Amino acid sequence: MSSHLLLGQILHFEDTPMAAPPEAAAHHDPRGALLIENGTIAAIGSAKDLRDAHPQATITDYGDALISPGFVDAHMHYPQTRIIASWGKRLIDWLNTYTFPEEIKFGDPAYASAVAALTLDLALQNGTTTLASYCTIHPQSVEALFTEAARRDMRIVAGKTCMDRNAPTGLQDTPQSAHDDSLALIERWHGKGRAQYAITPRFSPTSTREQLEALGALWSANPTCLMQTHLSEQTDEIAWVRDLFPEARDYLDTYEAAGLLGARGIYGHAIHLEPREIDRLTETGAAIAHCPTSNTFIGSGLFDLAGLSARGIPVGLATDTGGGSSFSMLRTMAATYEIAQLRGTALHPAQLLWLATAGGARALHLQDRIGTLAPGYEADLTILDLASTPAIAQRTDRAESIWEALFPTLMMGDDRAIRDVWVAGRRVSRAAAAP
Ligand code: GUN
Ligand code: ZN
C-alpha cells in the first residue's frame, strides 16, 4: 500500500465555528502532517510524530503553505461557463438574453463535453474539488458532466435542469419527460463512484405545478437523491411567482406543496425570505447555497448569513457561475465577508474557510466524506500559499496569528494562491489543471 505524507500548516475544526467561538472551534498546527493511504486521510498530527510513525511514506513538504480540505462549490451552472461576466442585466433579462441561448447549445454532446471538461479544470485550478452543478434540460449535458467528473475522480453533484414553461421551446421538457429523463439519469449515475444525483427543477417560474409535482414524486421515490433549485433571489422574480402561483402562501410553498421541500434540498440564493419560509427551512433541515458574487453582480440583494445561520439552517458557499462573476471560492469567501459586513457582521476567517469546505459539504449531505481533515475522510485537498502575491506577502509578513496570516489570502487571493490540489488522494498538477 502506498502512503503519502504531506507536511505544512494544518487547520482543522473540532466544532462548527458558526455556533462555537470561531478560534476555539479550530485546531492549528504550524508544522503539521497529513497521511494519505488508498485515497483517504489515514492520519493527521504533528510532522514529527507522523514522520516517525511512517518512515516508509513518500513525503511532500509544503513548508508554510496551509493544507486545507478542497473547496466545495454548493451551487453553480457549468453550462454558463462561457457566458460568465455578461454585461448589464438583472435576473430574468439575464436569463433570456444570455443564459437560454447558450444552454440550447448543450443538446450537442461534443459541446457539452468540452464545456464540462473546461469547467472542471477551472474548478480544480481554483482549488475546488467538489461542485454541485445544474446542467441543461438535455440528458446529454448531464451525461457529459458526470463522465468528465468521473474521469478526474471528482466528487460531483449534478442533475438535469427541468423547465416546461417560460423558456424557449428548444429548452422545454414536459412533466413526464422531466420525470422519466431524470429517473434514467438517477439509475445511471446516482451513487456511481463519486457521483450524486440532484433532482433539479430550475425554479418555479419555469415549471408548471404539474412538473413540480412530478419531480416531487420522483424525489419521494428516490429519497437519497438531493434536490436543488432557486428560491427568492430577486424581488421581480418573487412577484412573478406570486402571479404564477396565486394559491401559494409564498415562494417556498410552491415547492413545499409539490413535495419539493426536505432536508436533502439545497435552495440557491434565498435572499428575500418571509418569516414562514425561514421557519419551514429550519423545521425541515433544508440547506441554502449562498452565492455572493452572483448576488452583487446581478444586483439581487444582501443575504442574511448571520440570521439564517443562527437559526441553524445549513449554508454552503457557491460561485453560481455564470451569474456569479468568479470561479474562485477565495473570491467567493471575500464577497461573503463583504456582504456580511454590509449587514453588520464581520465574519471570522475560521468561519469563511469552514463555510467553503465543511459547510458546503454539510449542505450537500457529504459531511461524512469530504470537507474535513480527519481520518477516514476522502483525501480531497487544496494547498494554499499564504504569500502568493507581493501584495498578500507584505501583509502576511506582519501576521501574528494563523488568522491574520490566512485572512489576506481569503480577501485578496486568486488561483495563484492554489499551490496544489489533491483529488481522492492523487495530486492534480497545476499545469494539468490549467485550461
Ligand atoms: N434562477 C433561475 N435560473 C437561474 C440561473 O441560471 N442563475 C441564477 N443566478 N438564478 C437563476
Ligand atoms: Zn443558480
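Residues numbered from 1 in each chain as written. Chains lettered and ligands numbered in written order. Predicted model: local features only at pLDDT ≥ 70, side-chain atom pairs only at ≥ 80, totals over all residues. Heavy atoms only, no water.

Visitor: Sorry if this is basic, but what is going on with the overall build of the protein chain here?
Guide: Each helix and strand counted, the protein chain has 17 helices and 16 strands in total. Here the C-alpha atoms of the protein chain give a radius of gyration of 21 Å, agreeing with the 22 Å that 2.2 N^0.38 yields for 435 residues. Considering only C-alpha atoms, the protein chain reaches an extent of 65 × 45 × 40 Å along its principal axes. Restricting the contact set of the protein chain to residue pairs at least 6 apart, pairs at least 24 apart contribute 76%. (Helix = DSSP H or I, 4+ residues; strand = E, 2+ residues; numbered from the N terminus. Rg over C-alpha atoms; globule rule 2.2 N^0.38 Å. Contact = heavy atoms within 4.5 Å.)

Visitor: Just checking my understanding: could you explain the site of ligand 1 for this structure?
Guide: Among the 13 residues in the neighbourhood of ligand 1, the closest are listed as His77, Gln80, Arg202, Glu233 and Asp320. At 2.9 Å from an oxygen atom of ligand 1 is found a side-chain nitrogen or oxygen belonging to glutamine 80. Between an oxygen atom of ligand 1 and a side-chain N or O atom of arginine 202, the distance comes to 2.8 Å. Protein chains shield 100% of the accessible area of ligand 1, which is 280 Å² for the free molecule. The leading source of residues in the shell around ligand 1 is helix α3 (residues 91-103), at three residues. Across the shell around ligand 1, the residue classes break down as five nonpolar, five polar and three charged. (Near = heavy atom within 4 Å. Polar contact = N/O pair within 3.5 Å; in protein donor to acceptor, adjacent residues only side chain to side chain. Areas by Shrake-Rupley, 256 points an atom, 1.4 Å probe, with all protein chains shown as cover. Nonpolar A, V, L, I, M, F, W, Y, C, P; charged D, E, K, R; others polar.)

Visitor: When you look at the coordination of the zinc ion (ligand 2) in this model, what are you seeing that I'm missing?
Guide: Ideal geometry at a metal gives 109.5 degrees between four tetrahedral donors and either 90 or 180 degrees between six octahedral ones. The coordination sphere of the zinc ion (ligand 2), as far as protein atoms go, consists of His75 (NE2), His77 (NE2), His230 (NE2) and Asp320 (OD), spread over 2.0 to 2.4 Å. One can describe the site at the zinc ion (ligand 2) as irregular: its four donor atoms subtend angles covering 90 to 163° at the metal. Each donor residue of the zinc ion (ligand 2) belongs to the same chain, with the gaps between them written as H-x1-H-x152-H-x89-D. Note that histidine 230 is positioned in strand β10 (residues 226-231) and aspartate 320 in the loop between β13 (315-317) and α13 (329-342), a separation of 90 residues in sequence. Its relative accessible area of 6% is what places histidine 230 among the buried residues. Given the relative accessible area of 4%, aspartate 320 is considered buried. (Donors = N, O, S within 2.8 Å, 3.2 Å for Na, K, Ca; no water. Tetrahedral: all angles 85-135°; square planar, octahedral: opposite > 155°, others 65-115°. Buried < 20%, exposed > 50% of the residue type's maximum accessible area, 1.4 Å probe, protein only.)

Visitor: Hey, could you run me through the pattern of salt bridges in this one?
Guide: If charged atoms from side chains of opposite charge come close, those side chains can pair. Going through the model one piece at a time under the given rule, you end up with 26 salt bridges. In this structure, lysine 48 engages aspartate 52 in a salt bridge whose closest nitrogen and oxygen atoms are separated by 2.7 Å. Note that lysine 48 and aspartate 52 are positioned in helix α2 (residues 47-53) at a spacing of four residues, about one turn of the helix. Note that lysine 160 is salt-bridged to aspartate 173, the shortest N-O span being 2.6 Å. Of this pair, lysine 160 sits in the loop between β7 (155-159) and β8 (161-162) while aspartate 173 sits in the loop between β8 and α6 (175-189), and the two are 13 residues apart along the sequence. (Salt bridge = Lys/Arg side-chain N within 4 Å of Asp/Glu carboxyl O.)

Visitor: Can you walk me through the nonpolar core in this structure?
Guide: Soluble globular proteins: nonpolar side chains tend toward being buried together. By size, the foremost hydrophobic cluster in this structure holds 99 residues, and its most contacted members are Tyr78 and Leu281. Setting aside its immediate chain neighbours within four residues, leucine 281 contacts Leu231, Leu252, Leu261, Tyr267, Leu273, Ala286, Ile288 and Ile313. Counting residues in hydrophobic clusters, the runner-up holds 15 residues, among them Leu6, Ile67, Leu381 and Ile383. (Core = buried A, V, L, I, M, F, W, Y, C linked by side-chain atoms within 4.5 Å.)

Visitor: Hey, could you run me through the packing of helix α4 (residues 109-125) against helix α5 (residues 139-151) in this one?
Guide: Between two packed helices, what matters for the description is the angle formed by their axes and the separation of those axes. Here α4 crosses α5 at 40°, and the two axes come no closer than 8 Å. As judged from the angle between their axes, α4 and α5 are oblique. Handedness of the α4/α5 crossing: right-handed. Between α4, through Pro109, Ala112, Ser113, Ala116, Ala117 and Leu120, and α5, the contact on the second element is made entirely by Gln140, Ser141, Ala144, Leu145, Glu148 and Ala149. Grouping the constituent residues of the contact of α4 with α5 by class yields eight nonpolar, three polar and one charged. (Axes fitted to C-alpha atoms, helices over the stretch in contact; angles between N-to-C directions. Parallel < 35°, antiparallel > 145°, perpendicular 65-115°, else oblique. Left-handed = near helix turned anticlockwise from the far one by under 90°.)

Visitor: Sorry if this is basic, but what is going on with the packing of aromatic side chains here?
Guide: Given two aromatic rings, one states the distance between the centres and the angle between the planes to describe the pair. Scanning the entire structure with this criterion turns up seven aromatic pairs. Consider the rings of tyrosine 78 and phenylalanine 106, whose centres lie 5.6 Å apart with planes at 80°: the pair is edge-to-face. Of this pair, tyrosine 78 sits in the loop between β5 (71-77) and α3 while phenylalanine 106 sits in the loop between α3 and α4; the two residues are 28 residues apart in sequence, bridging distant segments of the chain. Accessibility expressed as a relative area gives 0% for tyrosine 78, which makes it buried. Exposure remark for phenylalanine 106: the relative accessible area of 0% places this residue in the buried category. Arranged with centres 5.0 Å apart and planes meeting at 70°, the rings of tyrosine 337 and phenylalanine 407 form a pair that is edge-to-face. Of this pair, tyrosine 337 sits in helix α13 while phenylalanine 407 sits in helix α16 (residues 402-412), placing them 70 residues apart in sequence. One cation-aromatic arrangement involves lysine 192 over tryptophan 189; the distance from NZ or CZ to the ring centre is 4.5 Å. (Phe/Tyr/Trp six-rings, centres within 6.5 Å; stacked < 30°, edge-to-face > 60°. Lys NZ or Arg CZ within 6 Å of the ring centre and 35° of its normal.)

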